[in-house]
Amino acid sequence: MVEELAQADDAISACVDAAAWALPEHELIAALDAAHRLQQRLAAVTLTLIREVDGRGTARTQGASCTAVWLRERLRLTVPAARRLVDLATVLDTGNPGIRQALADGHLSLDQARVITDTAATVQATAGTQAADKAVSLLTDWASQFDPTHLRKLGTRILDHVAPDIADAAALDAEARRVTRDRHLTLSEQTDGRLRLTGTLDTETAALFRAAIDPLTAPSGPDDTRSPRQRRHDALADICRLTLRTTELPEHGGDPAQIVVTTSYDALTRQLSSGALDTGLSLTPEAVRRLACDATLLPAVLGGTGQILDVGRQRRLITGPLRRALVLRDHGCAFPGCDRPPRWCHAHHIHHWADGGPTSLSNAVLLCGHHHRHLHHSDWTVQLGSDGHPEFIPPAWLDPEQLPRRNHYHRRT
């Protein structure tokens, strides 16, 4: 298969440099149709390969927590997009051979295939296998005429015919399953320190969110010049501040919900000045002062070379200061390819404590639960590099040269 795909890659490379501007209109349209069909057929090949990777457990063998996370690192996909591919590959492998063949023949797009598999599952659950097969056949034929949105509407009408008594309830159940499956919230860090929120809330969560945010989005007075979008942004900030003031948030990794601000020793002795969050993002002096008023702020004091001299202490776990120092250094799970934040992580002894390893910053690394277990039960090893940051040595079967690898997802200060 690798050789055949390489040949296809060569053929496509020749097309990339072709002069599309010189094509007559009918050839231009024909080329577009052909390219789209090849894209759909390649999608079928991709799903077959993803299904095999998932079935073999390749992702976990290579240190990832699941196939979707491994695909993100390998193919630079978002985790939701990768998860949708894994789910569709599983469905097409365990049933619905007609849908898989239609995709392989270039008659369906990935979105159309998802719609048809969703409809088939609903029809089968309510009217049996024979009716589901008929629905797949009809929708596959209609795919050449209708986009995914229209196909979904047609799927609902099919259910009206095969099971009219339960069509409405089945449609609601199917919609509820889709809503549950598709719910997500993505936090994308931008280069300037801002955070982009994207996602889809299920019906219940949407109602909760609106109930919490709506009272805070009203203009503060006649002189309030903020736009509605800006007021919603500020309302979300208010909700976060109110939540952090409660004592009901669970601890993550042994720490309560709190903000750590790093500043230099000289700035601290003069007055509260500019600083950085434990995520590595810089703060203006004004922002630091606001956080000092609004949140539990723990100062992490650095010397002139950036060495951690002291970490603010509270009467809680004895390892709290060391953990906060780890967060300042690692910013999250340090294992290569992992983007899990500090609150999801454990502190791991590089030289095991049971073997005499000290509990110190130079002998610790921050790892999420999955990679903590993986490091204990695999041939991966970890060490601190010359700059004091963690680097991981893969097993020889994965990388014969065993070149050290680092995590590039977390910002470094």
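Residues numbered from 1 in each chain as written. Predicted model: local features only at pLDDT ≥ 70, side-chain atom pairs only at ≥ 80, totals over all residues. Heavy atoms only, no water.

Under the annotation held in an unreviewed UniProt entry, the protein carries the name HNH nuclease domain-containing protein and is attributed to Micromonospora noduli.

Caption draft 1: Structural view of the side chain of Asp224. Position of Asp224 among the secondary structure elements: in the loop between α11 (203–213) and α12 (228–244). A polar contact is formed between the side chain of Asp224 and the side chain of Arg226, at a distance of 2.8 Å. (Helix = DSSP H or I, 4+ residues; strand = E, 2+ residues; numbered from the N terminus. Polar contact = N/O pair within 3.5 Å; in protein donor to acceptor, adjacent residues only side chain to side chain.)

Caption draft 2: Quick look at the pairing of strand β10 (residues 381–384). With four bridges connecting them, β10 and strand β11 (residues 390–393) associate as antiparallel partners. The residue of β11 that forms the bridge with Gln383 is Glu391. (Pairing = 2+ DSSP bridges.)

Caption draft 3: Representation of the side chain of Glu391. Within the secondary structure, Glu391 is located in strand β11. Classification of Glu391 by relative accessible area gives buried; the value is 14%. Here the side chain of Glu391 touches Gln383 through a polar contact of 2.8 Å, side chain to side chain. A polar contact is formed between the side chain of Glu391 and the side chain of Arg406, at a distance of 3.3 Å. (Buried < 20%, exposed > 50% of the residue type's maximum accessible area, 1.4 Å probe, protein only.)

Caption draft 4: Representation of helix α4 (residues 67–75). Thr67, Ala68, Val69, Trp70, Leu71 and Arg72 are the residues of α4 that are buried. Against α2 (25–56), α3 (58–61) and α5 (79–94) lie the buried residues of α4. Trailing α4 by a residue or two, Arg76 shows a phi angle of about 60°, which is positive. (Contact = heavy atoms within 4.5 Å.)

Caption draft 5: Structural context of the packing of aromatic side chains. All told, the structure shown has two aromatic pairs when counted by the stated rule. Aromatic rings pair up to connect Phe335, Trp380 and Phe392 into one cluster. The ring of Tyr409 carries Arg72 above its face, with NZ or CZ at 4.5 Å from the centroid. (Phe/Tyr/Trp six-rings, centres within 6.5 Å; stacked < 30°, edge-to-face > 60°. Lys NZ or Arg CZ within 6 Å of the ring centre and 35° of its normal.)

Caption draft 6: Structural detail: the nonpolar core. Among the nonpolar cores identified, the biggest contains 36 residues, and Leu47, Ile99, Leu108, Ile116 and Leu151 are the most heavily contacted of them. Of all the secondary-structure elements, those providing two or more residues to this core are α2, α4, α5, α6 (97–104), α7 (110–127), α8 (129–142) and α9 (148–162). For Leu47, the residues in contact, after removing those within four places along its chain, are Leu85, Leu88, Ala89, Leu92, Leu103 and Leu110. Formed by 17 residues, the second largest nonpolar core is a distinct cluster that contains Cys333, Val365, Leu375 and Phe392. (Core = buried A, V, L, I, M, F, W, Y, C linked by side-chain atoms within 4.5 Å.)

Caption draft 7: Quick look at the pattern of salt bridges. Counted under the stated rule, the structure contains eleven salt bridges. The shortest N-O distance in the salt bridge between Asp93 and Arg51 comes to 3.0 Å. Placement of Asp93 in helix α5 and of Arg51 in helix α2 is noted, with a sequence separation of 42 residues between them. Take Arg51: its relative accessible area is 23%, and that puts it in the partly exposed class. Its salt-bridge partner being Asp118, residue Arg152 comes within 3.6 Å of it at the nearest N-O pair. Taken as a pair, Arg152 in helix α9 and Asp118 in helix α7 lie far apart in primary sequence, 34 residues in all. Relative accessible area serves as the criterion here: at 14%, Asp118 is assigned to the buried category. In this structure, a network of salt bridges that share partners links the residues Arg51, Asp54 and Asp93. (Salt bridge = Lys/Arg side-chain N within 4 Å of Asp/Glu carboxyl O.)

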